[in-house]
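Take a look at the letters that make up each chain.
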Amino acid sequence: GQSLEQPSEVTAVEGAIVQINCTYQTSGFYGLSWYQQHDGGAPTFLSYNALDGLEETGRFSSFLSRSDSYGYLLLQELQMKDSASYFCAVKGNTPLVFGKGTRLSVIA
Amino acid sequence: DGGITQSPKYLFRKEGQNVTLSCEQNLNHDAMYWYRQDPGQGLRLIYYSQIVNDFQKGDIAEGYSVSREKKESFPLTVTSAQKNPTAFYLCASSPRLVEETQYFGPGTRLLVL
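The paragraphs below set out a description of the structure included in this document. Owing to the predicted nature of the structure, the values given are computational and were not obtained by experimental measurement.

Cut-off values and rules
Residue positions are given per chain, counted from 1 along the sequence in the order it is written. Here the convention is simple: chains get letters from A, ligands get numbers from 1, in the order in which they are written. For a predicted model such as this one, the threshold for reporting local features is a pLDDT of at least 70, and the threshold for listing and counting side-chain atom pairs is 80 or more; totals across whole chains, interfaces and linings nevertheless cover every residue. Note: side-chain values were computed over all heavy atoms of the structure, leaving out hydrogens and water. Contacts are assigned to residue pairs with any non-hydrogen atoms lying within 4.5 Å of each other. Take the accessible area each of two parts loses on contact, using a 1.4 Å probe, and add the two losses: that sum is the buried area. Should a side-chain nitrogen of Lys or Arg be within 4 Å of a carboxyl oxygen of Asp or Glu, the pair is scored as a salt bridge. Polar contacts, as counted here, are pairs of nitrogen or oxygen atoms within 3.5 Å of one another; within protein the pair requires one atom able to donate a hydrogen and one able to accept it, and residues that are adjacent in sequence qualify only if both atoms are side-chain atoms. By definition, any uninterrupted DSSP run of H or I lasting at least four residues is a helix, any uninterrupted run of E lasting at least two residues is a strand, and each is numbered from the N terminus. Throughout, the ten residues Ala, Val, Leu, Ile, Met, Phe, Trp, Tyr, Cys and Pro are labelled nonpolar, Asp, Glu, Lys and Arg are labelled charged, and all others, Gly among them, are labelled polar. Pairing between two strands is assigned when DSSP locates at least 2 bridges connecting them. What counts as an axis is a line fitted to C-alpha atoms, over the stretch in contact for a helix, and the angles between N-to-C directions run from 0 to 180 degrees. Working definition: a ring pair exists when centres of Phe, Tyr or Trp rings (six-membered ring for Trp) sit within 6.5 Å. Plane angles under 30 degrees give stacked, over 60 give edge-to-face, the rest tilted. Remark: exposure states derive from per-residue accessible area (1.4 Å probe, protein chains only) relative to the maximum for the residue type, with buried under 20%, exposed over 50%, and partly exposed in between. Grouping buried Ala, Val, Leu, Ile, Met, Phe, Trp, Tyr and Cys residues that are joined through side-chain atoms within 4.5 Å yields what is termed a nonpolar core.

Opposite the 20 residues of chain A that make contact, chain B presents 21 residues. Summing both sides of the interface, chain A and chain B together bury roughly 1,500 Å²; the carbon and sulfur share of this comes to 63%. On the chain A side of the interface with chain B, the three residues burying the most area are P43, P95 and F98 of chain A, jointly 32% of the side's total. Where chain A meets chain B, there are one salt bridge. For the pair chain A and chain B, the interface holds six residue pairs in polar contact (both at pLDDT 80 or more). Elements with a minimum of two residues in the side of chain A that touches chain B: strand 4 (31–37), strand 5 (44–49) and strand 9 (84–91) of chain A. Here the side of chain A that touches chain B takes three residues from strand 4 of chain A, the largest share from any one element. Residues belonging to the side of chain A that touches chain B are distributed by class as follows: ten nonpolar, eight polar and two charged.

All names here are of chain B. If you trace the four strands from one edge of the open sheet to the other, you get 1-3-8-7, paired in antiparallel fashion. Pairing within the sheet leaves two strands with one partner each, and these edge strands are strand 1 (4–7) and strand 7 (64–66). Averaged over all neighbouring strand pairs, the angle between strand axes comes to 20°, with direction disregarded.

With that out of the way, let us pick up the packing of aromatic side chains. Counted according to the given criterion, the structure contains 13 aromatic pairs over all chains. Taking 6.0 Å as the distance between ring centres and 80° as the angle between the ring planes, the aromatic pair formed by Y35 of chain A and F104 of chain B counts as edge-to-face. Of this pair, Y35 of chain A sits in strand 4 while F104 of chain B sits in strand 10 (residues 103–104), each in a different chain. Take Y35 of chain A and F104 of chain B: they sit in the same class, and that class is buried.

A few words on the nonpolar core. One recurring pattern in soluble globular proteins is that nonpolar side chains are buried together. Formed by 21 residues in total, the largest nonpolar core has its most connected members in L32, L75, Y86 and L104 of chain A. For this core, the elements supplying multiple residues, two or more each, are strand 2 (9–13), strand 3 (18–25), strand 4, strand 7 (60–65), strand 8 (70–75), strand 9 and strand 11 (102–107) of chain A. Ignoring sequence-local partners within four residues, the contact set of L32 of chain A consists of L4, C22, Y24, S47, Y48, N49, L64, G71, C88, A89 and V90 of chain A. Counting 20 residues, the second largest nonpolar core, distinct from the first, contains I46, F74, A87 and Y89 of chain B.

Time to look at the sheet that holds strand 1 (residues 3–5) of chain A. Residue and element names in this part refer to chain A. In space, the five strands of this open sheet follow the order 1-3-8-7-6, with antiparallel pairing throughout. Each having just a single partner strand, strand 1 and strand 6 (53–57) make up the two edges of the open sheet. Strand-to-strand twist in this sheet, taken as the mean axis angle between neighbours without regard to direction, amounts to 20°. Across five bridges, strand 6 lies against strand 7 in antiparallel orientation. In the sheet register, T57 faces strand 7, and the bridge partner there is F60.

Shown next as structure tokens:
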């Protein structure tokens, strides 16, 4: 089977940096994706890591360590609009398996 | 514009009633998915289809049914056997089944009267 663990809630200050962690257990692993979902909206794709290391896309970066079954999403220069839920998802031999999500609240 | 559409945005179900949620995509994707999301919860897979006339049960298929008669369409029926149907339902698609990127529709919120 597959399971993912991520914190349920994180709060950070506008302009700061926040890291959202994700650990996974899976029988087949190709990579780790991250999605953002605003309240009442649809999830949208943010990033994907197939190899170890850091991938940077603007203010967002994502990291993967395959040996540790661990990844994280790093959000820099936080803005109020970054308040949303963030999901990690494992790409394996089956459809994507999503974590339960981390609700990020950005405060002034 | 290419994308995924879901209708209706809100749907009300009476006790013992079957209701059908629509999902259409014009992205020419082979794979389509249905997820259920409860408040504060992640996405749980109900059914998925990797090609026309084929579909597979996901983690929580009981009380639901689907069809895939056309590549563009993947409707979900919530049957009366689903005793707790109130949730946010999301449809998604991807070029192939095993993809890191799925494209989601805007969702349908189902409420029970």
